[in-house]
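The chain contents come next:
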Amino acid sequence: MVHEELFSRLNEVGYKNWLKAGFCLLKVKDGLCGFADSEMRCFHNAIVNNNIVLKGQICRSNCKPWGNQFESACPLCTEWRMEILKHHTKPFAIINWGNCRPWLWPTQHWELAKAFMPRGLADLSRADQCDAAALLNLLHFCDHFSFINPTIVTQVIRCRNELMHSCEMQVSNEWMAHFQKSLEQLLLTLRHVPEVAAAGQQIQEMFSVDLSLHIPGVDSVDGATVEGVLIESISQCETELLRESLKDLLNNSELEGNAIPLEKLQSIHRFLSSHKDLKEEFSTELQSICLLEAQQLQGANTAADEG
């Protein structure tokens, strides 16, 4: 049976919860995508129209950040930088200038959006390429969305981070109840957006069904059995969520002075290695995890020898 190992994983309540919560986040992304894109287009136009320095001007210096720093720039990009800081809800926090291609700020609204998002998005140029975390951070850090209660957005972001950083890939029923409440509050605020309302309906269905038996919205496809379509959808969802979780982990390891605990690396290593399908699918990520483990052990042994 092709998906025998996935069926086995779905027998674990905690893992099934993890997968269901992840599915809901994918739907949050689908719901927010068009809304965020449209709103940022309006926001970009408003900035240009209200700032005489920016109107009709383009960068001729091809200004670029240096890593995550952006201090040296032409007068136009400096003005754009000031506008971003003016509209950032936490202007004294770390701003991920490395996400941006500043010379495109005058003409591309999504380049502006990326200044309000988590690091690692430099290669993305459209809203539909972003995950839920990126879009939620945009709502939180750009004051264009100040009509949304920031506490509500923060709660969903916190839940997302807890989910993605769970080294066991499991969450409890109690955690799920809190997550559901947080999502419902956010979706209620944006219920006027048709895509958000549609996503909210699918999310409500997901919370009420047995994931191993049913995935909302994919009951039938021409030329395929219902069972085949359902399990393929679950498998695709699982792959996407695990990839996002591992990307978060490995990106986090690149931050200076932000070493991942050895126990967490070993736990994720055991999880991936114990399932043949996941071991094959994420072989590259597994190699990176093994390397980090070896570095941690070497560092621990060196410290012990010096002690």
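Residues numbered from 1 in each chain as written. Predicted model: local features only at pLDDT ≥ 70, side-chain atom pairs only at ≥ 80, totals over all residues. Heavy atoms only, no water.

1. Points about helix α10 (residues 262-273)
Now for step 1: For α10, which comprises twelve residues, the first-to-last C-alpha distance of 16 Å matches the rise-based estimate of 16 Å (1.5 Å per residue) to within 8%.
Now for step 2: Buried within α10 we find Leu262, Leu265, Ser267, Ile268, Phe271 and Leu272. (Helix = DSSP H or I, 4+ residues; strand = E, 2+ residues; numbered from the N terminus. Expected span 1.5 Å × (residues − 1). Buried < 20%, exposed > 50% of the residue type's maximum accessible area, 1.4 Å probe, protein only.)

2. Quick word on the pattern of salt bridges
Now for step 1: This model, assessed by the stated rule, comprises twelve salt bridges.
Now for step 2: Residue Arg160 pairs with Asp248 through a salt bridge whose shortest N-O separation is 2.7 Å. Placement of Arg160 in helix α6 (residues 150-164) and of Asp248 in helix α9 (residues 226-253) is noted, with a sequence separation of 88 residues between them.
Now for step 3: The buried category is assigned to Arg160, whose relative accessible area is 4%.
Now for step 4: Residue Asp248 is classed as partly exposed on the basis of its relative accessible area of 21%.
Now for step 5: By sharing partners, the salt bridges in this structure join Arg9, Glu238 and Asp277 into a single network. (Salt bridge = Lys/Arg side-chain N within 4 Å of Asp/Glu carboxyl O.)

3. A short note on unusual backbone geometry
Keep in mind that most residues, glycine aside, have a negative phi and that most peptide bonds are trans.
Now for step 1: With a phi close to 55°, Asn62 is a non-glycine residue in the positive phi region.
Now for step 2: Looking at the secondary structure, you find Asn62 in the loop between α2 (13-50) and α3 (75-87).
Now for step 3: For Asn62, a relative accessible area of 39% puts it in the partly exposed group.
Now for step 4: Positive phi values are uncommon outside glycine, yet Met169 reaches one of about 55°.
Now for step 5: Here Met169 lies in the loop between α6 and α7 (173-189).

4. A look at the packing of aromatic side chains
Now for step 1: By the definition in use, this model includes nine aromatic pairs.
Now for step 2: Considering the side-chain rings of Tyr15 and Phe271, the 5.6 Å spacing of their centres and the 40° angle between planes classify their relative orientation as tilted. Placement of the pair is Tyr15 in helix α2 and Phe271 in helix α10, with a sequence separation of 256 residues.
Now for step 3: Judged by its relative accessible area of 2%, Tyr15 is buried.
Now for step 4: Aromatic rings pair up to connect Tyr15, Trp18 and Phe271 into one cluster. (Phe/Tyr/Trp six-rings, centres within 6.5 Å; stacked < 30°, edge-to-face > 60°.)

5. Regarding the environment of Pro91
Now for step 1: Mapped onto the elements of the fold, Pro91 is located in the loop between α3 and α4 (109-113).
Now for step 2: The exposure class of Pro91 is partly exposed, given its relative accessible area of 30%.
Now for step 3: Taking the C-alpha atoms as reference points, Pro91 and Phe141, separated by 50 residues in sequence, lie 8.8 Å from one another.

6. Section: the confidence of the model for the protein
Now for step 1: On average, residues of the protein carry a pLDDT of 87, and 88% of them reach 70 or more.
Now for step 2: Across residues 219-229 the pLDDT falls below 50, and counting only partners more than four positions away or on other chains, this stretch makes five contacts in the model. (pLDDT = per-residue confidence, 0-100. Contact = heavy atoms within 4.5 Å.)

7. Quick look at α7
Now for step 1: Helix length check: α7 (17 residues) gives 25 Å between terminal C-alpha atoms against 24 Å at 1.5 Å per residue, within 8%.
Now for step 2: Buried residues belonging to α7 abut α2, α5 (132-141), α6 and α8 (194-208).

8. Some remarks on the packing of α5 against α6
Now for step 1: At a closest axis distance of 9 Å, the pairing of α5 and α6 adopts a crossing angle of 155°. Classed by the angle they form, the pair α5 and α6 counts as roughly antiparallel. Helix-helix and strand crossings are classified by hand; for α5 and α6 the assignment is left-handed. Seen from α5, the contacting residues are Ala133, Leu136, Asn137, Leu139 and His140; seen from α6, they are Pro150, Val153, Thr154, Val156, Ile157 and Arg160.
Now for step 2: Taken together, the residues that form the contact of α5 with α6 break down as seven nonpolar, three polar and one charged. (Axes fitted to C-alpha atoms, helices over the stretch in contact; angles between N-to-C directions. Parallel < 35°, antiparallel > 145°, perpendicular 65-115°, else oblique. Left-handed = near helix turned anticlockwise from the far one by under 90°. Nonpolar A, V, L, I, M, F, W, Y, C, P; charged D, E, K, R; others polar.)

9. Brief notes about the packing of α7 against α8
Now for step 1: Here α7 crosses α8 at 160°, and the two axes come no closer than 11 Å. Here α7 is positioned roughly antiparallel relative to α8, judged by the angle of their axes. α8 is crossed by α7, and the crossing has left-handed handedness. For the pair α7 and α8, the contacting residues are Met176, Phe179, Gln180, Leu183, Glu184 and Leu187 in the first and Val196, Gly200, Ile203, Gln204 and Phe207 in the second.
Now for step 2: Counted by class, the contact of α7 with α8 contains seven nonpolar, three polar and one charged residues.

10. Brief notes about the nonpolar core
Now for step 1: Within the largest apolar cluster, 90 residues are counted, with the highest numbers of intra-cluster contacts made by Trp18, Trp110 and Leu138.
Now for step 2: When residues of this core are assigned to their parent elements, the largest contribution, 17 residues, is made by α2.
Now for step 3: When sequence neighbours within four positions are dropped, the list of residues in contact with Leu138 reads Ala36, Met40, Trp110, Ala113, Phe116, Met117 and Phe145. (Core = buried A, V, L, I, M, F, W, Y, C linked by side-chain atoms within 4.5 Å.)

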